[in-house]
Amino acid sequence: MFSEGVVRVVKRWKVWLGELWSADMCAGEAWPGELCCGEVWLGEVWVETISMAMKSTTKSQLATGKSSVAMYFNDISPGLSESQLRFRLIHFWEAKNIAKGGTLIGIELLLIDEQGTVMQGFISSYRAPTYRRHLKAGATYTLQNFYAATSKEIYRVADQSLTVSFSNGSVLSPLDDIPVSVSFPPDRFRFHTHEDFQANRGLRGDLYDVVGHLRLVNGQSLSDRPILDESEMISMRHILVHLQTKDGPVMKLYLWDQAAKDFYKKFTSSEDTPTVLLVTTVNPKTVAGNLALSSMSSSRVFIDKDIQPTIDYFSWLSSNPEIGKQVNADEVTRVETMTIGQIFAYIKQEYAKEASFNCIATIGDVKHDSPWYYISCGGCHTKATRGPSSLMCAKCGNTNVSGEAKYRAEISVYDSNDQAVFVLLGDAGSELTGKQAAELVANYFEANQELSAGHQMPAPQALIDTIGHTHKFRVKVSKLNFTGKVQSITVTRIVSAEDLPPVPNPTEIPLAAEDEVALPTASVFDGSGFNAEGGTEGTSDMDESQKAKRPKRHAC
């Protein structure tokens, strides 16, 4: 017979109402606690391995699934423990090593005990198959035997400094018959304000929760219910929302992967347009010098009346209707100011999307060997084509277009580090020169009536006079920039005259080309601007021979 409390290991046992059957038993007499890898059915226990001496109370638990006294999370000390914990499983998710192709590291758990204390748990990858199928968010459990390790310093999701790790002898049991005197809170949140997120952006510290009201969803105002494209969401891996907290400014919140899928499902299945959003464990980042929040693998998504915090916020919003008034994209979208180098770094991102930025640059030259204007359709501003006897518009189908000259001028620009070719499109040209293209063209041909109809007017003096001036340009990057077919960048507005800022120190540069999380997207608009080529874009291929006489150039 085995001595009291000693455990011998067998390969696999199944526990069924206190009786044991073994497919492969060790020689000698067996004791009902001898388990290596077992399953528990009908309210019993799940055990991976027991390889240590255990007290007689543990033998009782293996047979009945019950234990006498449970330890609270606040009483846990570092190291191995044979004590029992009882808790509600709030949430669990996979931790993966992205640098190694998404290799599974383990399963992370968010637990809450009857005192309302939240603690993080962890199951290593080689133990995960034993426990994963028995985990259910919201269910209650007991855990006998565990190891309490110091929590990681980055991306913590709970206040406790320790993490409960499943160890060699861990025994997980469902806690179905909860005593009347015991109750487990369903959840607990850690909300941060805009100021809190602002102070902690980029620190990779604790992950906190945010709740607020939606302003935009993928650049679309809530005044008309936003339309979400599931295939686009899957290919882009994210959804961008603009969220405003109580008494706080509008923030960008990027919902990635599972969080994006959860939001899509909730948003599209809701009968009314959702207005309140709560996302847990978000990471505050710096994107082009501004605060942006990003969901993590641990993030959960709730809307409107899902849970008590969203219900409370929804009630507050309903009682303050002036706050919840819907606004258009231009009123809440804060366009980031980026350097030329940062714009090209954004373009190279795998999941970049059509976006608009501000960019401060100096005009170095005007391209002289290509047309600086085009003749547009007076209705849709698409480039008109010459028919047998009149101008035609392929987009409108109009065969007798009243043509109008519009800017489409290529200029070389530079900032403190880089150079690029910008294309002034439509009103951006008149904002820069102070002259309408139609006026300049009409005056030129009036003064040169001997010229043939096919003659192309050279770059006007009003455009040449802009060389050497510095401006803040509103630029748009498009799908053709991402494919590399187009290397010039379209200018849609001249925001203001500016002075070129000094070269930043490396620690002041907000974006890095290799930082994919820092560059998930930008201010996104639905195809705005002008169409100069009769297609979908207003930029053109840049002649590689046209080198600006300034700092290094980038190729998209």
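Residues numbered from 1 in each chain as written. Predicted model: local features only at pLDDT ≥ 70, side-chain atom pairs only at ≥ 80, totals over all residues. Heavy atoms only, no water.

Per an unreviewed UniProt entry, the protein chain is named Replication factor A C-terminal domain-containing protein, and its organism is Brassica napus. What UniProt states about the protein chain under its Sequence similarities (unreviewed entry) heading is, verbatim, "Belongs to the replication factor A protein 1 family." (UniProt positions renumbered as here; feature names shortened; annotations may be inferred.)

K.L.:
What is the right way to look at the overall build of the protein chain in this model?
P.N.:
Broken down by element type, the protein chain carries 12 helices and 26 strands. The proportion of buried residues among the 556 residues of the protein chain is 50%. If you take every contact in the protein chain between residues at least 6 apart in sequence, the share linking residues at least 24 apart comes to 69%. For the protein chain, the accessible area works out to roughly 26,300 Å², and carbon and sulfur atoms hold 50% of it. (Helix = DSSP H or I, 4+ residues; strand = E, 2+ residues; numbered from the N terminus. Buried < 20%, exposed > 50% of the residue type's maximum accessible area, 1.4 Å probe, protein only. Contact = heavy atoms within 4.5 Å. Areas by Shrake-Rupley, 256 points an atom, 1.4 Å probe, with all protein chains shown as cover.)

K.L.:
Can you help me understand the packing of aromatic side chains in this one?
P.N.:
In this description, an aromatic ring pair is defined by two values, namely the gap between the centres and the angle between the planes. What the rule picks out here adds up to 13 aromatic pairs. Plain terms: the ring middles of Phe-422 and Phe-473 are 5.4 Å apart, the flat faces sit at 75 degrees to each other, and that makes the pair edge-to-face. Residue Phe-422 is found in strand 24 (residues 419–425), and its partner Phe-473 is found in strand 25 (residues 470–477); the two are separated by 51 residues along the sequence. Across this residue pair, the class does not change: Phe-422 and Phe-473 are buried. Grouping aromatic residues by their ring pairs yields a cluster made of Phe-73, Phe-87 and Tyr-141. The residue whose ring lies beneath Arg-190 is Tyr-208, and the NZ or CZ to ring-centre distance is 4.3 Å. The ring of Phe-267 has Arg-225 lying over it, and the distance from NZ or CZ to the ring centre is 5.4 Å. (Phe/Tyr/Trp six-rings, centres within 6.5 Å; stacked < 30°, edge-to-face > 60°. Lys NZ or Arg CZ within 6 Å of the ring centre and 35° of its normal.)

K.L.:
Would you take a moment to explain the nonpolar core for this structure?
P.N.:
Proteins that are soluble and globular tend to have nonpolar side chains buried together. Judged by nonpolar contacts, the single largest core of 37 residues is most densely connected at Ile-343, Trp-372, Phe-422, Leu-424 and Phe-473. At the level of secondary structure, the elements contributing two or more residues to this core comprise helix 8 (340–347), strand 19 (355–366), strand 23 (403–414), strand 24, helix 9 (427–433), helix 10 (437–447), strand 25 and strand 26 (489–497). Among the elements that line this core, the one with the most residues is strand 19, at 6 residues. Residues contacting Ile-343, with those up to four places away along its chain left out, are Met-338, Phe-357, Cys-359, Val-475, Val-477 and Ile-489. If you look at the next biggest cluster of nonpolar residues, it comprises 25 residues, including Val-210, Leu-253, Leu-255 and Phe-263. (Core = buried A, V, L, I, M, F, W, Y, C linked by side-chain atoms within 4.5 Å.)

K.L.:
Whenever I open this one, helix 10 confuses me. Can you help?
P.N.:
In an α-helix, one turn spans 3.6 residues; hence positions three or four apart end up facing the same way. All of the buried residues along helix 10 are Ala-437, Leu-440, Val-441 and Tyr-444. All buried residues of helix 10 lie within an arc of 95 degrees about the axis, which places them on one face of the element. Turned more than 90 degrees off the buried face of helix 10, the exposed positions are Glu-446 and Ala-447. (Arc of directions from axis to C-beta.)

K.L.:
Can you walk me through the side chain of Asp-187 in this structure?
P.N.:
For Asp-187, the position within the fold is in the loop between strand 11 (171–174) and helix 3 (194–200). On the accessibility criterion, Asp-187 (18% relative accessible area) is buried. With residues up to four places along the chain from it excluded, the contact list for Asp-187 reads Ile-90, Ile-112 and Arg-300.

K.L.:
Teacher, can you tell me more about the environment of Val-413 here?
P.N.:
Summarising the element assignment, Val-413 is placed in strand 23. Those residues within four positions of Val-413 in sequence are excluded, and the remaining contacts are Ile-340, Ala-361, Thr-362, Ile-363, Gly-364, Asp-418, Gln-419, Ala-420 and Phe-422.

K.L.:
Got a minute to help me understand the pattern of salt bridges in this structure?
P.N.:
In a structure, side chains of opposite charge can pair up when their charged atoms sit close to one another. Under the criterion given, the structure shown has 11 salt bridges. Residues Asp-206 and Arg-156 are paired through a salt bridge, measuring 3.0 Å at the closest nitrogen-oxygen approach. Taken together, the positions of Asp-206 in the loop between helix 3 and strand 12 (208–217) and Arg-156 in the loop between strand 9 (140–150) and strand 10 (162–165) put the pair 50 residues apart, joining distant regions of the chain. Here the salt bridges do not stand alone but share partners, grouping Arg-156, Asp-159, Arg-190 and Asp-206 into one network. (Salt bridge = Lys/Arg side-chain N within 4 Å of Asp/Glu carboxyl O.)

K.L.:
Can you walk me through helix 6 (residues 308–319) in this structure?
P.N.:
For helix 6, spanning 12 residues, the distance from its first C-alpha to its last is 17 Å, which sits close to the expected 16 Å at 1.5 Å a residue. Those residues of helix 6 lying buried are Thr-310, Tyr-313, Trp-316 and Leu-317. Along helix 6, the residues classed as buried sweep out an arc of 120 degrees about the axis, all on the same side. Check the buried side of helix 6 and you find it contacts strand 12, strand 14 (238–244), strand 16 (276–287) and strand 18 (301–303). (Expected span 1.5 Å × (residues − 1).)

K.L.:
Please clarify how the pairing of strand 10 should be interpreted in this entry.
P.N.:
Walk down a regular strand and you will see the side chains alternate between the two sheet faces. The two faces of strand 10 match: Leu-162 and Val-164 on one face and Thr-163 and Ser-165 on the other face are all buried. Here strand 8 (residues 118–124) pairs with strand 10 via 3 bridges, running parallel. Across the sheet, residue Phe-122 finds its bridge partner in strand 10, namely Ser-165. Where strand 9 meets strand 10, 4 bridges bridge the pair, whose relative direction is antiparallel. Paired with Ala-148 across the strands is Val-164, a residue of strand 10. (Pairing = 2+ DSSP bridges.)

K.L.:
Would you explain empty space enclosed by the protein in this entry?
P.N.:
One simple way to see leftover space: roll a probe sized like a water molecule over the atoms. Throughout the structure, instances matching the rule amount to 3 cavities of 30 Å³ or more. In this structure, the largest cavity occupies an estimated 60 Å³ of space. Together, Asn-218, Leu-228, Asp-229, Glu-232, Met-233, Met-236, His-238, Ile-239, Tyr-264 and Lys-353 line the largest cavity. Listing elements by their share of the lining of the largest cavity, those giving two or more residues are helix 4 (230–236) and strand 14. Looking at which element gives the most residues to the lining of the largest cavity, the answer is helix 4, with 3 residues. (1 Å grid on protein atoms, 1.4 Å probe; cavity = no way out; pocket = protein on both sides within 12 Å on 5 of 7 lines; lining within 4 Å. Points joined across faces, edges and corners; volume = space filled by probe spheres on them.)

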